[in-house]
Amino acid sequence: MKHLPKHLRPRRRYLAIAIEAWPDADPGKHAFQRACWYAAQNLLGDPGAADVDLRVLDFSFADGDGTAIVRVRHGEVERARAAIACVDEISGSPVGVRVLGVSGTVRACEERYIGRASRGAAERNVVFADSQRPAVVRNGRFDVHGEPGFVGATSLDI
């Protein structure tokens, strides 16, 4: 079977997504894909979710920070952004999701918005709530290990 000519192929856009969660969270690519699909179905309905056609192409997550590349149809970028913004948990772990940018190719999406450079999370002990506790430090933010789980803090709280 021959490929379609370029002018007949469906046009796509690629969204660069930043994912932030607690350091002990461990979402996977399939769990993120499922969360995107459910968010699109809840916001747009079944026909709208089918029109947007969210597809996770690339996913990486470590130490509470992650990135993903999501493919959408050309005319549905704004609806896809709205659906992805509705993702608030993956596999039962609360997450923060934001769209870094939109691109026409996967390669441009990786180069412009993701960069593939490691952000480097450091682990150290901090004084929080009158006791010394272990914390994960990322970009000036502290995730302090507390009794029920992690507590988000800034340098002013420590």
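None of the values given here were measured: they were computed from a predicted structure. (Residues numbered from 1 in each chain as written. Predicted model: local features only at pLDDT ≥ 70, side-chain atom pairs only at ≥ 80, totals over all residues. Heavy atoms only, no water.)

## Comments concerning the pairing of strand E1 (residues 12-21)
Alright, step 1. With respect to burial, E1 is a largely interior element, 8 of its 10 residues being buried.
Alright, step 2. In this structure, E1 lies alongside strand E3 (residues 65-73), joined through 9 bridges in antiparallel fashion. What sits directly across from Ala16, in E3, is Ile69.
Alright, step 3. In this structure, E1 lies alongside strand E5 (residues 93-103), joined through 8 bridges in antiparallel fashion. When the sheet's bridge partners are listed, Ile19 is paired in E5 with Val97. (Buried < 20%, exposed > 50% of the residue type's maximum accessible area, 1.4 Å probe, protein only. Helix = DSSP H or I, 4+ residues; strand = E, 2+ residues; numbered from the N terminus. Pairing = 2+ DSSP bridges.)

## Topic: the pairing of strand E8 (residues 141-145)
For a regular strand, the rule is simple: side chains alternate between the two faces of the sheet.
Alright, step 1. Note: strand E7 (residues 131-138) against E8, 4 bridges, orientation antiparallel. Bridging from a neighbouring strand, Arg138 pairs with Arg141 of E8.
Alright, step 2. In this sheet, strand E9 (residues 150-154) lies alongside E8 in antiparallel orientation, the contact comprising 5 bridges. Across the sheet, Val144 pairs through a bridge with Val151, a residue of E9.
Alright, step 3. Between E8 and the antiparallel strand that follows it, E9, lie 4 residues.

## Quick look at the sheet that holds strand E2 (residues 55-62)
Alright, step 1. Read from one edge to the other, the open sheet built from 5 strands follows the order E2-E3-E1-E5-E4, with strand pairing classed as antiparallel. Whereas interior strands pair on both sides, the edge strands pair on one side only; in this sheet they are E2 and strand E4 (89-90).
Alright, step 2. Helix-sheet contacts for helix H1 (residues 29-52) involve E1, E2, E3 and E4, and the interaxial angle to E2 is about 145 degrees.
Alright, step 3. With respect to the sheet, helix H2 (residues 77-85) is in contact with E1, E3 and E5, its orientation differing from that of E1 by roughly 15 degrees. (Contact = heavy atoms within 4.5 Å. Axes fitted to C-alpha atoms, helices over the stretch in contact; angles between N-to-C directions.)

## Overview of the domain arrangement of the protein chain
Alright, step 1. You can read the domains of the protein chain as domain 1 (6-114) and domain 2 (122-154).
Alright, step 2. Contacts between domain 1 and domain 2 engage 8 residues on the former and 7 residues on the latter.
Alright, step 3. A buried area of about 600 Å², summed over both sides, lies between domain 1 and domain 2, and 55% of it is on carbon and sulfur atoms.
Alright, step 4. On the domain 1 side of the interface with domain 2, the three residues burying the most area are Glu20, Trp22 and Pro23, jointly 66% of the side's total.
Alright, step 5. The interface formed by domain 1 and domain 2 holds 1 salt bridge in total.
Alright, step 6. A salt bridge links Glu20 to Arg141; its shortest N-O distance comes to 3.3 Å.
Alright, step 7. Taken together, domain 1 and domain 2 are joined by 1 residue pair in polar contact (both at pLDDT 80 or more). (Domains from an automatic or database assignment. Buried area = accessible area lost by both parts, 1.4 Å probe. Salt bridge = Lys/Arg side-chain N within 4 Å of Asp/Glu carboxyl O. Polar contact = N/O pair within 3.5 Å; in protein donor to acceptor, adjacent residues only side chain to side chain.)

## Examining helix H3 (residues 106-114)
Alright, step 1. Buried within H3 are the following residues: Ala108, Cys109 and Ile114. Buried positions in H3, seen along its axis, are confined to an arc of 160 degrees and lie on one side of it. H3 presents Arg107 and Glu111 as exposed residues on the side facing more than 90 degrees away from its buried surface.
Alright, step 2. At the C-terminal side of H3, Gly115 shows a positive phi close to 75 degrees. (Arc of directions from axis to C-beta.)

## A short note on the sheet that holds strand E6 (residues 122-128)
Alright, step 1. Here we have 4 strands laid out as an open sheet, ordered E6-E7-E8-E9, and antiparallel in their pairing. Every other strand in the sheet has two partners, leaving E6 and E9 as the edge strands with one partner each. Put simply, the sheet's adjacent strands are angled 40 degrees from each other on average, direction ignored.

## Concerning the nonpolar core
Alright, step 1. One finds Leu15, Ile17, Phe32, Leu54, Val70 and Ile84 to be the most contacted residues of the largest nonpolar core, which totals 29 residues.
Alright, step 2. Contributing elements (two or more residues each) for this core: E1, H1, E2, E3, H2 and E5.
Alright, step 3. Here this core takes 8 residues from H1, the largest share from any one element.
Alright, step 4. Contact partners of Ile84, with chain neighbours within four places excluded, come to Leu15, Ile17, Cys36, Leu54, Val70, Val97 and Val99.
Alright, step 5. By size, the runner-up hydrophobic cluster in this structure holds 7 residues, among which are Ala135, Val137, Val144 and Ala153. (Core = buried A, V, L, I, M, F, W, Y, C linked by side-chain atoms within 4.5 Å.)

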